[in-house]
Each structure stands twice: as structure tokens, then as C-alpha cells.
Amino acid sequence: VHGDIPSKQPSQEVYNAPGGVGEQIHRYHREKQDDYYRQDSFVEITGHSYASNVVSSGGGGVVGVIILAVATIILFVFEIQLHRRSQTLQIASRIARDISDSIIDRKNDGTLVCLSSMAYTAPSVGVSDDLFEISAPEVLKLTRCVKMYQWREHQNTENRKNGDGSSTSVQITNYDRSWNETYIDSSCFRFPHGHENPSM
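Here the structure is a predicted model, which means the values were calculated and not measured. (Residues numbered from 1 in each chain as written. Predicted model: local features only at pLDDT ≥ 70, side-chain atom pairs only at ≥ 80, totals over all residues. Heavy atoms only, no water.)

Things to note about the pairing of strand E6 (residues 148-161)
Reasoning step 1: In this structure, E6 lies alongside strand E7 (residues 167-180), joined through 14 bridges in antiparallel fashion. Within E7, the position partnered with Asn156 by the bridge is Ile172.
Reasoning step 2: Between E6 and E7, which pair antiparallel in sequence order, lie five residues; one of them, Gly165, sits at a positive phi of approximately 95°. (Pairing = 2+ DSSP bridges. Helix = DSSP H or I, 4+ residues; strand = E, 2+ residues; numbered from the N terminus.)

Structure follows, in C-alpha cells:
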């Protein structure tokens, strides 16, 4: 319980007074109860025989070789593109003209230029949000942040090896609620019932 609680037994009037000890105790238990109902946990236990483990290990080795080959090709292509981009930037740095932000020269039309200046907007322009009727003069950008209180899914899998070569996998799926800017599709949950998120 938060707050200072007197060492002596409080009277009934003090106990039931607004903001008193009784209200603090009830608020504490109510928050704990809300936290309990905001979270759900499901445990799934699956057994795997020794033969199935051998087959899955062999299949995993084949998939690993394929992934390694594909990753090597992707890395090679990425290195080529990075080299070409580096060459393009080197050429641009040699032919670019440094110009002033206060002088407009028509001779620079159609050429690559480089300048540095402070970005600003006129006080009469600014930006505005018509939905919330908010305007901000002399501002270049106004971002609206919208969050929705919705369910989230967390999964954790633990594999345990047994003495006879078999294994047991324990998958724990937890659900809790939180504020999120992006929509979470609850239809993809492992246990969507009771954890449905409304559409945004």
C-alpha cells in the first residue's frame, strides 16, 4: 500500500475517508486483480520420439545447407550493388557544384548541386490537424500518434532431452494488453478466443 499508514489503529471515519487507508487498500487489491485478468497463459507439452528427432535433424541439416547457399548469393549481389553505389557517390562528389542558399543562379539548372541551409516555413503557412483542430505555425511537420489498447502474444518454447533419446517440447503462450501504435491481428494468435482485438 502506497502512502503513510499510521502506527495506531485508524478509526472507522479515518478508514472510510476519501483518500484514507481503506481506499488505498481497496485500490491496491483492485489493481492486482486487474493485472491478473489482463494476463493469460497457456502451456502445451509435446513429446518427440528418438526416430522423429533423427529425421528432423537430417531435414534441418539439408535446410541449413540450402539457406547457406542462398545467403551466399544474396551477400554477393549486395556487395556488387554496394560497390556500384560507392562509385556513383564518388562521381557525384567530383561533379557537384557548391552553391549558396541565398542566390539563385539559372546557370545551375540541370546540374548536380550541393548546399546547406536552415529549413523553415512562413508563419502564415505552418501545418495543421483538422481532426483535432490543432495548428502549429512555423513548423515543417506534424505527426499524429494514435495508439490502441489491445492484446499481445508472447511465445516461448523450451526443448528438454530425455534419457532414452526422445525429447519433450514445452511451449508457453502468454497474452497481455498494452498500448500499441500498430494494429495487432488477433486472428493469427495461437489462442484467439477471448483475445480478440477490435479493428482500427
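Moving on from the model shown.
Things to note about the packing of aromatic side chains
Reasoning step 1: Evaluation of the coordinates by the stated rule reveals four aromatic pairs.
Reasoning step 2: Measuring from centroid to centroid gives 4.4 Å for Phe42 and Phe191, while their planes differ by 20°, and the two rings are stacked. Taken together, the positions of Phe42 in strand E1 (residues 40-48) and Phe191 in the segment after E7 put the pair 149 residues apart, joining distant regions of the chain.
Reasoning step 3: Relative accessible area serves as the criterion here: at 29%, Phe42 is assigned to the partly exposed category.
Reasoning step 4: Here Phe191 falls in the partly exposed class, since its relative accessible area comes to 24%.
Reasoning step 5: When the ring of Tyr175 is compared with that of Phe189, the centres are 5.4 Å apart and the planes differ by 55°; the resulting orientation is tilted. With Tyr175 in strand E7 and Phe189 in the segment after E7, the pair connects residues that are 14 residues apart, well separated along the chain. Of the two residues, Tyr175 and Phe189, neither departs from the other in class, the shared state being buried.
Reasoning step 6: A network of ring pairs unites the aromatic residues Phe42, Tyr175, Phe189 and Phe191 as a single cluster. (Phe/Tyr/Trp six-rings, centres within 6.5 Å; stacked < 30°, edge-to-face > 60°. Buried < 20%, exposed > 50% of the residue type's maximum accessible area, 1.4 Å probe, protein only.)

Observations regarding the confidence of the model for the protein
Reasoning step 1: Per-residue pLDDT for the protein averages 79, and the proportion of residues at 70 or more is 74%.
Reasoning step 2: Mean pLDDT across the elements of the protein bottoms out in helix H1 (residues 12-16) (52) and peaks in E7 (90).
Reasoning step 3: A low-confidence stretch, residues 1-10 stays under pLDDT 50, and its non-local contacts, those more than four residues away or across chains, total seven contacts. (pLDDT = per-residue confidence, 0-100. Contact = heavy atoms within 4.5 Å.)

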